[in-house]
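# A closer look at the structure
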Amino acid sequence: MLHPTYDIHKSYDENYNNGPMCDFTIPTRISLKPINLWGYQINSPIGVPAGPLINAEYIKLYAQLGFDLPVYKTVRTLERKVHPAPNCLMVDSHKQLTIDDIGQNIYPFDQAPQTPHEIAITNSFGIPSKSIEIWQADIAKANAFMAPNQLMIVSCVGTPVTNRSFIDDFVLCAQKAVEAGAKAIELNYSCPNVVSKEGSIYQDAALSSTISQAVKKAIKDVPLMIKMGYIKEETKAYDIIKANAPFVDGIAAINTISMQARNKDNSQALPGEGRLNSGICGSIIKDLSLEMTKRIHKIRKENHFDFVLCGVGGIVCPEDIDDYLNAGADIAMSATGAMWNPLLAHDWQKLQTTK
C-alpha cells in the first residue's frame, strides 16, 4: 500500500501549512557504512531532490525515514506565489518516455497509483517561494532536525528583477541560504514550469558557468551543486559540463521531462497562462534520466572531472537506486517516488544489511 505524504487534491498552501501526511509508522533508521560527501560522513547515498520537501516539517519526516540527503525546496530572493491548483495530476505509467515524446501531448487523469511503478505525474508549481525572512528561519529549523550523519542541501534560483542583475540575484539567494545555515547549495538551472529564463539555464554554457563561478566565489568553501535537465546531444552536454566543472562540487540530473498536459478534448489540463507545458516525473522518465546519468558519468570520467554526480529521475523502488549507483552516480535522489513511497530509502537500506 502506498502512503502519499503530499495531498495532490489540496492546494500547495494547504500542504505547506498542514503537511506532511503521515498515516504510517516511521521505522527506526538503519545505520550503514557511511559515504564521504564533500568532507561529510553521510549514512547513505539516498536523498530527495528539490521539490517535495517544501518546509522544515517535510525535511524532518524524510530525514527520519532515512533519506539522508534531503534538499530544501528551491527558494528565491522575493516572494513568489504558486501556480493555481491543481499542481499535480497522475499520468499513464505503462510506457517509458523516449526522446520522441519530449514536448508532445500527455493526458492526465485522477487515479491514485496502487504500486510504485504506477507513480507518474504532471508537476507544475512554478517555483513558489516564501520571503527571505520566512525561509531563512525555516532552514535553520530544518537543519536542527538533521542527524550528525545527514546533510541538508538548500536549492536556490535567481529571479529576473529590476534592481539587480540576474547573476547577482543568484548570488544573493545563495548567500542568504548560507547565512541561514545551509551547509551545501544547489542552483536550480532546470525547471520547465516557469515562463521566464531561470528554467532553462542548464542549456546555456556561458550563462550557467558565469552564475556558477559567481556563486562559488561568494559562498567559498560551501559545496555547490547545479541541477540540469535532459540534454539530447552528448556534445552539448559536454560543453555545458566542461564550462561549469571548474566551479561546482556536484551536478544533479535530471529535473523533469517537458510535455503538453491536455484533457481528452485537447484543452489545457492545468489552468493558467503558460501552463500547457508541464514537467512530467515519476517512473516513466527513468530511461531518459538514467541515460543522462550515464552520459554525464562518461564525460566526467573521460575528462577527469571530480564533481559529485547525483542521479535523479524515475526512482520509485529500491532497484532503481541500484541502477543509478551502478551507472556511475555517487548519490541518488527520488522526488515523486518518495512522495508516494516514503519507505523507499528504508527499504533500500534494509537490503544493504543483508548483502
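Residues numbered from 1 in each chain as written. Predicted model: local features only at pLDDT ≥ 70, side-chain atom pairs only at ≥ 80, totals over all residues. Heavy atoms only, no water.

Right, let's get into helix H6 (residues 234-244). Of the positions making up H6, those classed as buried are Ala 237, Ile 240, Ile 241 and Asn 244. One side of H6 carries all its buried residues, which in axial view fall inside an arc of 95°. Of the surrounding secondary structure, the elements contacted by the buried residues of H6 are helix H5 (205-219), strand E10 (224-228), strand E11 (250-253) and helix H7 (286-303). (Buried < 20%, exposed > 50% of the residue type's maximum accessible area, 1.4 Å probe, protein only. Helix = DSSP H or I, 4+ residues; strand = E, 2+ residues; numbered from the N terminus. Arc of directions from axis to C-beta. Contact = heavy atoms within 4.5 Å.)

What follows covers empty space enclosed by the protein. Gaps left between atoms show up when a probe the size of a water molecule is rolled over them. Summed over all chains, the structure comprises 1 cavity of 30 Å³ or more. The calculated volume of the largest cavity comes to roughly 440 Å³. The wall of the largest cavity is formed by 35 residues, among which Ala 50, Gly 51, Asn 123, Asn 255 and Ala 335 lie closest to the centre. Where the lining of the largest cavity is concerned, the elements lending two or more residues are strand E4 (69-75), strand E7 (120-123), strand E13 (277-282) and helix H9 (336-340). Looking at which element gives the most residues to the lining of the largest cavity, the answer is H9, with 3 residues. (1 Å grid on protein atoms, 1.4 Å probe; cavity = no way out; pocket = protein on both sides within 12 Å on 5 of 7 lines; lining within 4 Å. Points joined across faces, edges and corners; volume = space filled by probe spheres on them.)

Okay, the sheet that holds strand E14 (residues 308-312) next. Strand order in the closed barrel formed by 8 strands is E3-E4-E8-E9-E10-E11-E14-E15, with parallel pairing between adjacent strands. Strand after strand, the sheet turns through a mean of 25° between neighbouring axes, direction not considered. Taken together, the 4 bridges between E11 and E14 define a ladder with parallel strand orientation. Along E14, the bridge assignment pairs Gly 250 with Val 308. Contacts from H5 reach strand E9 (185-188) and E10, with the element oriented near 155° to E10. (Pairing = 2+ DSSP bridges. Axes fitted to C-alpha atoms, helices over the stretch in contact; angles between N-to-C directions.)

Here 5 strands make up an open sheet; going across it, the order is E5-E7-E13-E12-E6 and the pairing mixed. Looking at which strands have only one partner, the edges of the open sheet turn out to be strand E5 (88-90) and strand E6 (105-106). Bridge count for E6 against strand E12 (residues 257-261) is 2 bridges, and the pairing is parallel. Across the sheet, Ile 106 pairs through a bridge with Ala 261, a residue of E12.

What follows covers the nonpolar core. Of all hydrophobic cores here, the largest spans 101 residues; its most connected members are Val 154, Ile 185 and Leu 187. Once residues lying within four places of it in the same chain are set aside, the contact partners of Leu 187 are Cys 156, Phe 170, Ile 211, Ser 212, Val 215, Leu 224, Met 225, Ile 226 and Lys 227. (Core = buried A, V, L, I, M, F, W, Y, C linked by side-chain atoms within 4.5 Å.)

A word on the packing of aromatic side chains. Per the stated rule, a full pass over the model turns up 7 aromatic pairs. An angle of 85° between the planes, with centres 6.0 Å apart, marks the rings of Tyr 6 and Phe 125 as edge-to-face. With Tyr 6 in the segment before helix H1 (12-18) and Phe 125 in the loop between E7 and helix H3 (132-143), this pair connects stretches of sequence that are 119 residues apart. Assigned by exposure class, Tyr 6 and Phe 125 land together as buried. In textbook terms, an aromatic cluster arises when at least three aromatic residues are bridged by ring pairs, as seen for Tyr 6, Tyr 12, Tyr 16 and Phe 125. (Phe/Tyr/Trp six-rings, centres within 6.5 Å; stacked < 30°, edge-to-face > 60°.)

With that settled, consider the side chain of Ser 208. Counting through the fold element by element, Ser 208 comes out in helix H5. Here Asn 244 takes part through its side chain, which lies 3.0 Å from a polar atom of the side chain of Ser 208. The contact partners of Ser 208, leaving out residues within four places of it in the chain, are Tyr 189, Ile 201, Ile 240 and Asn 244. (Polar contact = N/O pair within 3.5 Å; in protein donor to acceptor, adjacent residues only side chain to side chain.)

On E7, burial covers both faces: Ala 120 and Thr 122 on one face and Ile 121 and Asn 123 on the other are all buried. Pairing analysis gives 3 bridges linking E5 to E7, with the strands arranged antiparallel. When the sheet's bridge partners are listed, Met 90 is paired in E7 with Ile 121. Across 4 bridges, E7 lies against E13 in antiparallel orientation. Residue pairing for E13: Ala 120 is matched across the bridge by Gly 282.

Of all 5 residues in E12, 4 are buried, a share of seventy percent or more. Strand direction decides the pairing type here: E12 and E13, joined by 4 bridges, are antiparallel. Bridge pairing in E13 links Ile 257 to Ile 280.

We now examine unusual backbone geometry. Between Gly 19 and the following residue, Pro 20, the backbone shows a cis peptide bond with an omega angle of 0°. With an omega of 0°, the peptide bond between Ala 85 and Pro 86 qualifies as cis. With respect to the helices and strands, Pro 86 occurs in the loop between E4 and E5. In this structure, Asn 266 is a non-glycine residue whose phi angle is positive, near 75°. Residue position: Asn 266 is located in the loop between E12 and E13.

Let us now look at the environment of Ile 226. Relative to the helices and strands, Ile 226 is located in strand E10. Given a relative accessible area of 1%, Ile 226 falls into the buried group. When the C-alpha positions of Ile 226 and Lys 301 are compared, they lie 18 Å apart, and in sequence the two are 75 residues distant. Setting aside residues no more than four positions away along its own chain, Ile 226 makes contact with Glu 186, Leu 187, Tyr 189, Ser 212, Asn 244, Val 248, Gly 250, Ile 251 and Ala 252.

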